[in-house]
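The residues making up each chain are set out below.
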Amino acid sequence: MSLESSGRRRLDDAAAIRAFAHPVRLALHELLMRAGALTAAEAGREAGISQALASYHLRQLAKYGFVEQAEARDERERPWKVTQTVQEWDEVAAEPDQAAARSLLEQVIAERALARLAEWQQHRPDEPMPWRAVGGVGNTYLYATPDEVAAVSAGIEELLEPLRARVDDPASRPANARPLSWTQVVAPLPPTGSGD
């Protein structure tokens, strides 16, 4: 596994990818990003699981370097914090084990995104108009080369980077900012019988 200093981590170890792909661990990791640091008891309450289960999953995340012990507010506490806020993985894994782990992680992330979409659709009518207008799904059908898709993805990443930096710096968040889950799905379609 490779760690980078910019708050990003490139995942290239299949065991670490599989460990991170657990739905409870992803939820705990996100809670820590939002809160800054939480104890297992606090994280368990927020996630709706027992303290013991939260503690187990936090230790598993720590084993693979996703979280670490944070500075305690007093001697009895053992808070946890994330080590990096962005995880990246190779789109084309050389090893079958890495490819399978990557597919599992992407599937779990997609399932979480769909669950969040369904939840958003339930409470969207109760949201202020500016938020109702920005949440939801977009769908575009297009023709592009791999290089063009990579360029679009790089452009989106560049636009998102200053917003992503606010995860690490709560003081930089505007007063009306909210946490968002931004999930990008790009699915190349198979050619039709006519080659289109």
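To keep things clear, this report deals only with the structure shown in the data block. These numbers were taken from a predicted model, which means no experiment stands behind them.

## Considering the overall build of the chain
Of regular secondary structure, the chain possesses 7 helices and 5 strands. Taken from N to C terminus, the helices and strands of the chain fall in the order β-β-α-α-α-α-β-β-β-α-α-α. Structurally, the chain occupies a C-alpha span of about 70 × 45 × 30 Å along its principal axes. The buried share among the 196 residues of the chain stands at 27%. Considering only residue pairs separated by 6 or more positions, the chain has 57% of its internal contacts joining residues 24 or more positions apart. Side chains of the chain give 22 positive and 29 negative charges; the mean places of these two sets differ by 7 Å.

## Observations regarding the packing of helix 3 (residues 40-47) against helix 4 (residues 51-63)
At their nearest, the axes of helix 3 and helix 4 sit 8 Å apart, and the two run at 110° to each other. Overall, the two elements helix 3 and helix 4 adopt an arrangement that is roughly perpendicular. When helix 3 is examined against helix 4, the residues A40, A41, A43 and G44 are found in contact with a partner set consisting of Q51, A54, S55 and L58. Grouping the constituent residues of the contact of helix 3 with helix 4 by class yields 5 nonpolar, 3 polar and no charged.

## Brief notes about the environment of E30
Among the secondary structure elements, E30 is positioned in helix 2 (residues 23-35). E30 gets classed as buried once you look at its relative accessible area, which sits at 19%. Taking the C-alpha atoms as reference points, E30 and S181, separated by 151 residues in sequence, lie 9.9 Å from one another. Once residues within four sequence positions are removed from consideration, E30 is found in contact with R112 and R116.

Rules used throughout
- Residues numbered from 1 in each chain as written.
- Predicted model: local features only at pLDDT ≥ 70, side-chain atom pairs only at ≥ 80, totals over all residues.
- Heavy atoms only, no water.
- Helix = DSSP H or I, 4+ residues; strand = E, 2+ residues; numbered from the N terminus.
- Buried < 20%, exposed > 50% of the residue type's maximum accessible area, 1.4 Å probe, protein only.
- Contact = heavy atoms within 4.5 Å.
- Lys, Arg positive; Asp, Glu negative; His and termini not counted.
- Charge placed at Lys NZ, Arg CZ, Asp CG, Glu CD.
- Axes fitted to C-alpha atoms, helices over the stretch in contact; angles between N-to-C directions.
- Parallel < 35°, antiparallel > 145°, perpendicular 65-115°, else oblique.
- Nonpolar A, V, L, I, M, F, W, Y, C, P; charged D, E, K, R; others polar.

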